[in-house]
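Tertiary structure, described
Given next are the chains, with one letter for each unit.
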Amino acid sequence: MNRLLRFLALAAVLQVAACGKPDFSDAEKKTIAALALNALPALKPDATNRFADVPAAAALGSTLFFDQGMSHDGNVSCSTCHKIDRQFQDDLPQAIGVGRTNRRSMPLAGVARNPWFFWDGRRDSLWAQALTPLENPLEQAGNRAAFAHYIQKRFGARYERIFGPLPDLSAVPANASPLGNEAEQAAWKAMTAAQMDDVNRVFANIGKAIAAFERSIEPAQTRFDRFAIDLASGAKPKADDAFSPEEMLGLKLFIGKANCVTCHNGPRFTDNSFHNTGVPPVKDLPLDRGRFDAVAQVEADPFNCFGAFRDGDAGACGELRFMVKDAPELMRAYKTPSLRGAATRPPYMHAGQFSSLEEVVAHYSAAPAAVEGTSEVHPLQLSDRERAALVAFLKTLSD
Amino acid sequence: MASLWRYLLAGLGLAALLAGILAIVYLTAPQSAPGPDISRSKKTANGLFVASFQPERGVIKQGELQSWLLTLKTVKGDPVEGAAISVSGGMPQHNHGLPTSPQATDYLGEGRYRIEGLKFTMSGVWQLRFAISAAAGSDTVVFNVVL
Ligand SMILES: [Cu+2]
């Protein structure tokens, strides 16, 4: 009997030793390969922005992105919240521009690959997105007439080399916008249709230049990607790239029992879609119903794909044309964020609700009901060890 | 020496026992549930039409807008023309609807209708339900697409 016990102990030891090695089924290997960065296709041209791949447009866009003159008070630029040395985000629960907003700044790696922009997808192109903070009173707080004058004054020659002659702005008021304060709206209404079109066109081109710059911001290779390449080729990972047993377990859970990969799929770890996952609202912030309210906003945006400022034909407008407009699941649905680099940029969720990855994983494990709408997440009852393993795996997407 | 033999015998015995248990478990386990019906051609629910559903460019790409062709024939094999088609669906296992609103956008002749705006954003079983209304009457058909 004693020997039998010793035999069983030996078998158990062998079993445990085997756990340290990558041991993935063919289906798991396929899923892992689909998550690796080398599965990311080349960036497609943007038919709605004919300046998207014009280097001079990207250069002007880069200047504008970092220019604090592109704000009402002269203190805020795109880069105020999208900080170049912080993955183009700001580490704050809610972004602070001219005022405090109600949403978390999003990082920009791979942003040009999105079909929808902002947490709720209220814009349908990168250039239309770039215009929105410029006029948001809590972000850059400017107005489009002032931006057109500013471009003429500061960057007139550069602008004209890219986009052609600037319109005659001499009779355009210094401050005017259909979205501005009362005085700006009144000034806008007093303009001729031709003046409105002139200003809108300069404004749209500002967005197209900034978008051209942002197209260059792409995700970088991580330890996970090197691990995935080695796993696919059967090569022995280099010392630093090998996964620990805990990271291995985390990856297995991520693509298996924990169902993370359901939404966080593909090389950007996102399905580019919107989901209610029961993330609680933040006290004292205005009512936020996510995708539910964004549908009407993107439809009303004059810079959307159906609008007059799109280049190319309407064939590029499929996302807007076939958008889901009314479904119960739009209530408090928010975009699936990419998880690349997430470990080093807390806090998390659309209004910075969770301050650590541990809290995020605990939320998905417990899956509380949504305050409004229905959460798509189901309770997982992950053990402490399993939750820690998921966090360990997520960190490999930042190394 | 004798003790080594005893180890081996014990080991062999244990292996045989394990194999036996595994065989019983395996043989008595219920057959895994049959997968969803993934046929691309079938009769509609009330037998009014024969519908077939194929990706227009042959391949299914996850996460990209794409168009499929829905071909409608009568049971006798004649093309169904002038049909009004509406599309709904989702992922029953995930309890959500479609991420887009696909529409029948074009009639290509010979009973073929272009269904545009389909997008499969996740792996798993997708269900697409077509409500079809034509001269012969109204009927529905459901196709499963597995990614
Ligand atoms: Cu799903």
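As the structure is a prediction and not an experimental result, all values here were calculated from the model.

**Some words on the nonpolar core**
All names here are of chain A. If you look at the biggest cluster of nonpolar residues, it comprises 47 residues, and the most contacted ones within it are Leu64, Ile206 and Phe303. Put simply, the parts of the chain that give this core at least two residues each are α3 (55-66), α5 (126-135), α6 (144-163), α7 (182-189) and α8 (193-214). The next biggest cluster of nonpolar side chains, apart from the first, holds 35 residues, and it includes Ala36, Ala228, Val261 and Ala342.

**Focus on the pairing of strand β8 (residues 125-134) of chain B**
All names here are of chain B. Two elements, strand β4 (residues 84-91) and β8, share 7 bridges in a ladder whose sense is antiparallel. Bridge pairing in β8 links Gly89 to Leu128. In this sheet, strand β9 (residues 137-146) lies alongside β8 in antiparallel orientation, the contact comprising 10 bridges. Note that in β9 the partner of Trp126 across the bridge is Val145. Here β8 folds back onto β9, and the loop between the two strands holds 2 residues.

**Examining the environment of A:Phe155**
All names here are of chain A. Among the secondary structure elements, Phe155 is positioned in helix α6. On the accessibility criterion, Phe155 (6% relative accessible area) is buried. For Phe155, the contacting residues outside a window of four places in its chain are Leu60, Thr63, Leu64, Asp67 and Tyr150.

**A word on the coordination of the copper ion**
All names here are of chain B. Here the copper ion is held by Met91 (SD), His94 (ND1), His96 (NE2) and Met122 (SD), and the distances to it run 2.0 to 2.4 Å. For the copper ion, the 4 donor atoms in the first shell make angles of 101 to 129° at the metal, a pattern classed as tetrahedral. Positions of the donor residues of the copper ion, expressed as sequence spacing, correspond to M-x2-H-x1-H-x25-M. Under the relative-accessibility criterion, His94 is labelled partly exposed at 22%.

**Notes on the side chain of B:Thr71**
All names here are of chain B. Structurally, Thr71 can be placed in strand β3 (residues 66-74). Assessed through its relative accessible area of 15%, Thr71 is described here as buried. Aside from chain neighbours lying at most four places away, what touches Thr71 is Val50, Ala51, Ser52, Glu110, Gly111 and Arg112.

**Describing the domain arrangement of chain A**
Residue and element names in this part refer to chain A. Here chain A is described as being made up of domain 1 (21-40 + 220-288 + 331-395) and domain 2 (55-214). Spacing between the C-alpha centres of domain 1 and domain 2 amounts to 33 Å. On the side of domain 2, 26 residues touch domain 1, which itself brings 21 residues to the contact. At the boundary of domain 1 with domain 2, total buried surface from both sides reaches about 1800 Å², with 50% on carbon and sulfur atoms. Of all residues in domain 1, Arg268, Lys335 and Arg345 give up the largest surface area on contact with domain 2, accounting jointly for 30% of the area buried on that side. Applying the counting criterion to the domain 1 and domain 2 interface returns 1 salt bridge. One salt bridge connects Asp288 with Arg103, and the closest N-O pair in it is separated by 2.7 Å. Across the side of domain 1 that touches domain 2, the residue classes break down as 11 nonpolar, 5 polar and 5 charged.

**A short note on helix α10 (residues 245-255) of chain A**
By the burial criterion, the buried members of α10(A) are A:Glu247, A:Met248, A:Gly250, A:Leu251, A:Leu253, A:Phe254 and A:Ile255. On its buried face, α10(A) is in contact with α2 (26-35), α9 (223-233) and α14 (384-395) of chain A.

**Some details on the state of the cysteines**
By definition, a disulfide is the covalent link that joins the sulfur atoms of two cysteine residues. Residues and elements named next belong to chain A. Applying the stated criterion across every chain, the model contains 1 disulfide over all chains. Paired through a disulfide, Cys305 and Cys317 show a sulfur-sulfur distance of 2.1 Å. Linking Cys305 and Cys317, the disulfide has an S-S dihedral of approximately -75° and is accordingly described as left-handed. Of this pair, Cys305 sits in the loop between α11 (291-300) and α12 (318-321) while Cys317 sits in the loop between α11 and α12, and the two are 12 residues apart along the sequence. Residue Cys305 shares its accessibility class with Cys317, and that shared class is buried. Note on Cys81: no disulfide assigned, nearest cysteine sulfur contributed by Cys78 at a separation of 9.2 Å. Cys263 takes part in no disulfide bond, and the closest cysteine sulfur, belonging to Cys260, lies 9.5 Å away.

**Regarding the packing of aromatic side chains**
Here the structure, examined in full by the defined rule, presents 23 aromatic pairs over all chains. For the ring pair A:Tyr150 and A:Phe155, a centre distance of 6.0 Å and an interplane angle of 75° mean the geometry is edge-to-face. An identical accessibility class is assigned to A:Tyr150 and A:Phe155; each is buried. Following the ring pairs from residue to residue traces out a cluster consisting of B:Phe53, B:Trp68, B:Phe120, B:Trp126, B:Phe130 and B:Phe143. The cationic tip of A:Arg291 hangs over the ring face of A:Trp116; the distance from NZ or CZ to the ring centre is 4.4 Å.

**Some points on the packing of helix α13 (residues 357-366) of chain A against α14(A)**
Residues and elements named next belong to chain A. Where α13 contacts α14, the two axes come as close as 9 Å, and the packing angle between them is 130°. Put simply, α13 runs oblique to α14. Between α13 and α14 the crossing geometry is right-handed. In this structure, α13 contributes Leu357, Glu358, Val361, Ala362 and Ser365 to the contact, and α14 contributes Arg387, Leu390, Val391 and Leu394. Grouping the constituent residues of the contact of α13 with α14 by class yields 6 nonpolar, 1 polar and 2 charged.

**Section: the pairing of β3(B)**
All names here are of chain B. Buried residues dominate β3, accounting for 7 of its 9 residues. Taken together, the 7 bridges between strand β2 (residues 49-55) and β3 define a ladder with antiparallel strand orientation. Each bridged residue has a counterpart across the sheet, and for Ser52 the counterpart in β3 is Thr71. Judged from the 5 bridges that link them, β3 and strand β7 (residues 112-118) form a sheet pairing that is antiparallel. Across the sheet, Leu69 pairs through a bridge with Arg114, a residue of β7.

**With respect to α7(A)**
Residue and element names in this part refer to chain A. Buried within α7 we find Glu184, Ala187 and Trp188. With its buried residues spanning 100° around the axis, α7 presents them on a single face. Exposed residues on α7 whose side chains face more than 90 degrees from its buried face are Glu182, Ala183 and Lys189. On its buried face, α7 is in contact with α6 and α8. Where α7 begins, one side-chain oxygen reaches toward the backbone nitrogen of Ala183, 3.2 Å away; that side chain belongs to Asn181.

Here is what the cut-offs are and how they apply
- Residues numbered from 1 in each chain as written.
- Chains lettered and ligands numbered in written order.
- Predicted model: local features only at pLDDT ≥ 70, side-chain atom pairs only at ≥ 80, totals over all residues.
- Heavy atoms only, no water.
- Core = buried A, V, L, I, M, F, W, Y, C linked by side-chain atoms within 4.5 Å.
- Buried < 20%, exposed > 50% of the residue type's maximum accessible area, 1.4 Å probe, protein only.
- Helix = DSSP H or I, 4+ residues; strand = E, 2+ residues; numbered from the N terminus.
- Pairing = 2+ DSSP bridges.
- Contact = heavy atoms within 4.5 Å.
- Donors = N, O, S within 2.8 Å, 3.2 Å for Na, K, Ca; no water.
- Tetrahedral: all angles 85-135°; square planar, octahedral: opposite > 155°, others 65-115°.
- Domains from an automatic or database assignment.
- Buried area = accessible area lost by both parts, 1.4 Å probe.
- Salt bridge = Lys/Arg side-chain N within 4 Å of Asp/Glu carboxyl O.
- Nonpolar A, V, L, I, M, F, W, Y, C, P; charged D, E, K, R; others polar.
- Disulfide = S-S within 2.5 Å.
- Phe/Tyr/Trp six-rings, centres within 6.5 Å; stacked < 30°, edge-to-face > 60°.
- Lys NZ or Arg CZ within 6 Å of the ring centre and 35° of its normal.
- Axes fitted to C-alpha atoms, helices over the stretch in contact; angles between N-to-C directions.
- Parallel < 35°, antiparallel > 145°, perpendicular 65-115°, else oblique.
- Left-handed = near helix turned anticlockwise from the far one by under 90°.
- Arc of directions from axis to C-beta.
- Polar contact = N/O pair within 3.5 Å; in protein donor to acceptor, adjacent residues only side chain to side chain.

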